[in-house]
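# Breakdown of the fold
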Amino acid sequence: MNHSFQIKNAQDYQVAYRKSIEAPELFWATVAATFSWRKPWARVLRWDFRKPEIAWFEGAQLNITENCLDRHLQAQGDKPALIWEPNNPSDSARTFSYRQLAEAVNECAWMLRNNGVQKGDRVCIYMGMVPELAIALLACARIGAIHSVIFGGFSAQSIADRVHDAQAAFLITADGSYRGNKEIPLKEIVDEALGSCPFVKHVFVYRRTGTVPNMQPGRDLFWDEEVAKVHAAGSLFFPAEVMDAEDPLFILYTSGSTGKPKGVVHTCAGYMVWTTYTFVNVFQIRPDDVHFCTADIGWITGHSYIVYGTLCAGATSLMFEGVPTWPDAGRFWDIIARHGASIFYTSPTAIRSLMAHGLSFLKGKDFSSLRVLGSVGEPINEEAWHWLDEQVGHKKCPIVDTWWQTETGGIMISNLAGVTPSRPGFATLPLPGVKPVLMNEKGQPILGNNLSGNLCLAAPWPGMIRSTWGDPQRCREAYFTAYPGYYFSGDGSLRNEKGFYRITGRVDDVLNVSGHRLGTAEIENAIGQCPGVVESAVVGFPHDLKGQGIYAFVISSSEQDASLYEAILNTVTDVIGAIARPDKIQFVRGLPKTRSGKIMRRILRKIAEGDMEHIGDITTLLEPAVVDEIKAGRA
Ligand code: WT7
């Protein structure tokens with residue numbers, strides 16, 4: 001692919017940035033013109049953040065899969081689109097050329113269509129990291145169905161909540177999945193979830209582990225058997241559904257400050273343009289790149305930079321089924337060497353965990369194919385940044401620190417590899433189209449530099465959230481009311497003398513645990529479902545590996561004991577999933593509350609951090625004495 005919008009040097013960046021702010025419509029029309037459309041747009045942008053209402057490329061028609069697949073076939077049909085590294089290193093890797101991937105997506109689209117999936121239907125996808133997961137997303141997009149991927153580590157109850165919220169009549173899963181030496185019985189978990197979802201018409205089951213799942217006659221179908229029927233019927237090409245620019249492409253649930261995850265909605269055209277534009281520019285894509293993104297497709301990083309952005313740009317995407325520490329902590333390095341990865345995009349948590357395993361796992365590994373390194377999901381500490389730079393990049397590979405969110409669809413603030421300067425701990429500068437504003441406590445923009453505030457965005461960008469599924473009011477309240485006229489990210493940030501942004505973390509009641517977002521209210525809800533628990537309060541605390549750990553203060557109805565401790569952990573695993581298990585539980589007699597009954601989390605955070613000196617004023621509490629008790633009993 002020839003990417004005419006690729007920024008080539010620092011001056012180019014300045015020019016592009018200025019144009020994008022001064023004349024956004026012209027700027028994005030020029031970028032969008034490089035994609036393949038069924039019908040051009042009538043209007044580039046219409047927006048009003050007070051509603052909010054955001055429409056990009058209105059009037060245009062397209063199908064994102066024609067951009068990810070069909071348009072590449074002639075010039076690079078034989079180029080690898082997807083390379084898959086299996087969990088077990090002694091199993092064979094699988095490579096799909098663009099032509100082969102297109103065929104697989106067309107087949108899968110027929111499988112869905114032949115079983116009743118139509119444009120606009122919601123399809124939940126609960127799978128491990130197999131190529132068929134990427135294929136399932138693309139097949140939904142090809143027929144215009146709205147996919148909702150549920151991370152393979154979530155519990156049955158989380159699946160049921162999401163299937164209900166989206167009223168999804170279809171689900172795609174697998175018999176099981178492999179992660180390291182664990183086998184996860186996905187279909188069993190799905191069966192448990194669907195007990196409360198009688199409206200589900202079909203469950204498609206991809207066979208990965210070969211365990212024989214329980215199949216409900218009439219409802220459950222094996223992927224391979226359905227695809228065999230497609231072959232028997234002859235015609236494999238599936239004509240892509242013609243979608244309006246603002247038709248929903250997918251829903252992805254993410255945690256907020258209330259107890260219930262919200263379904264972030266992204267639409268076809270803007271998301272496509274944004275993910276592709278940011279992918280090409282941040283990583284400075286070249287034709288022979290092999291892009292290894294270690295995220296799971298269950299999160300936005302996988303959607304945007306394993307599947308959509310990467311394939312729209314015509315690059316080669318390397319996906320990995322397993323975990324970084326199995327069979328040993330050198331696995332990522334083996335994969336990089338085996339497939340000649342040129343870009344390695346990972347999380348600070350993964351880096352810290354591999355650092356902790358020691359340098360012996362890096363000895364003798366071949367890193368020579370690497371050109372660019374990237375970090376995403378949480379602030380990267382300087383130690384991890386330098387380790388990545390020295391031990392993996394051998395000081396030859398620029399590191400991009402990419403700040404963005406599920407809601408932003410793609411990267412918002414980041415250096416451009418080798419083109420704009422980097423600085424450890426700083427995401428640095430906004431991408432073209434991104435207008436960051438820091439707000440003070442009074443809700444006024446902070447104009448000077450070397451100051452911190454709440455990070456907002458003053459203008460729409462093509463990949464931004466359009467709505468929250470089934471509840472548009474929630475979108476407005478969560479992102480557009482704290483600072484009227486702005487999108488509020490929920491993060492705090494510093495801006496230094498050069499205008500570089502340093503993201504300092506969430507300022508709301510959302511935790512970032514190993515790069516995964518979890519609401520404190522959501523965890524408290526889960527803990528509250530454990531018999532014997534009266535009330536709980538959850539806060540984050542600094543954790544060497546996870547970035548943030550989960551600290552739960554719990555009031556129990558009886559003498560607390562080890563069995564309640566275990567029961568709480570099990571309940572949280574059942575309600576949300578293992579990622580939400582508290583690292584520490586402290587049983588308390590009372591919680592610090594104001595006279596109006598509000599829990600003073602600020603105090604609990606200080607105690608959880610172990611910062612007993614800066615607890616601050618507690619005289620306004622209903623029962624100040626409880627603070628000393630909690631301090632004394634710190635877990
Ligand atoms: C939250 C979004 C973006 C895809 C993965 C996470 C934090 C993300 C960075 C970064 C500091 C970061 C923020 C943000 N975050 N990237 N480079 N530096 N913090 O997506 O689950 O929607 O979480 O992750 O706190 O709000 P997500």
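## Some thoughts on the side chain of Arg219
Looking at where Arg219 falls in the secondary structure, it is placed in the loop between strand S11 (202-206) and strand S12 (220-222). Among the residues examined, Arg219 registers a relative accessible area of 9% and is labelled buried. A polar side-chain atom of Arg219 sits 3.2 Å from a polar atom in the side chain of Asp191. In terms of polar contacts, Arg219 uses its side chain to reach the side chain of Asp220, at 2.6 Å.

## Let's talk about the pairing of strand S7 (residues 146-149)
On S7, burial covers both faces: Ile146 and Ser148 on one face and His147 and Val149 on the other are all buried. As judged from the four bridges shared by strand S6 (residues 122-126) and S7, these two strands associate in the parallel manner. The residue bridging Arg122 from the neighbouring strand is Ile146, located in S7. Across two bridges, S7 lies against strand S14 (residues 248-254) in parallel orientation. By the bridge assignment, Ser148 is partnered in S14 with Ile251.

## Details of the nonpolar core
The tendency in soluble globular proteins is for nonpolar side chains to be buried as a group. Formed by 171 residues in total, the largest nonpolar core has its most connected members in Phe57 and Tyr308. Excluding residues within four positions of it along the chain, Phe57 makes contact with Trp28, Ala32, Trp37, Trp41, Arg43, Val44, Ala245, Ala269, Gly270 and Val273. Phe292, Ala329, Leu354 and Trp387 belong to the second largest nonpolar core, which has 28 residues in total.

## What about the packing of aromatic side chains?
Counted by the stated rule, this structure contains 41 aromatic pairs. A ring pair is formed by Trp333 and Phe344, whose centres lie 5.6 Å apart and whose planes are at 65°; its orientation type is edge-to-face. Of the two residues, Trp333 is situated in helix H11 (residues 331-339) and Phe344 in strand S18 (residues 343-346); the sequence distance between them amounts to 11 residues. Neither Trp333 nor Phe344 differs from the other in exposure class; each is buried. Taken together, the ring pairs connect Phe5, Phe27, Trp28, Trp37, Trp41, Trp56, Phe57, Trp274 and Tyr277 into an aromatic cluster. One cation-aromatic arrangement involves Arg94 over Trp84; the distance from NZ or CZ to the ring centre is 5.8 Å. Looking at Lys584, its charged tip hangs above the ring of Phe541, at a distance of 4.8 Å from the centre.

## Quick word on the domain arrangement of the protein chain
Per the domain assignment, the segments of the protein chain are domain 1 (10-65 + 267-506), domain 2 (100-241) and domain 3 (510-632). For domain 2 and domain 3, the distance between their C-alpha centres works out to 37 Å. Listed by partner, the interface residues are five residues for domain 2 and eight residues for domain 3. Carbon and sulfur atoms supply 47% of the area that domain 2 and domain 3 bury against each other, a total of about 480 Å² over both sides.

## Examining the environment of Trp299
You can see Trp299 is positioned in the loop between strand S16 (290-293) and helix H10 (300-312). Separated by 46 residues in the primary sequence, Trp299 and Tyr253 have C-alpha atoms spaced 8.9 Å apart. Not counting residues up to four positions away in its chain, the partners in contact with Trp299 are Phe151, Phe154, Leu252, His516 and Ile579.

Conventions and cut-offs
- Residues numbered from 1 in each chain as written.
- Predicted model: local features only at pLDDT ≥ 70, side-chain atom pairs only at ≥ 80, totals over all residues.
- Heavy atoms only, no water.
- Helix = DSSP H or I, 4+ residues; strand = E, 2+ residues; numbered from the N terminus.
- Buried < 20%, exposed > 50% of the residue type's maximum accessible area, 1.4 Å probe, protein only.
- Polar contact = N/O pair within 3.5 Å; in protein donor to acceptor, adjacent residues only side chain to side chain.
- Pairing = 2+ DSSP bridges.
- Core = buried A, V, L, I, M, F, W, Y, C linked by side-chain atoms within 4.5 Å.
- Contact = heavy atoms within 4.5 Å.
- Phe/Tyr/Trp six-rings, centres within 6.5 Å; stacked < 30°, edge-to-face > 60°.
- Lys NZ or Arg CZ within 6 Å of the ring centre and 35° of its normal.
- Domains from an automatic or database assignment.
- Buried area = accessible area lost by both parts, 1.4 Å probe.

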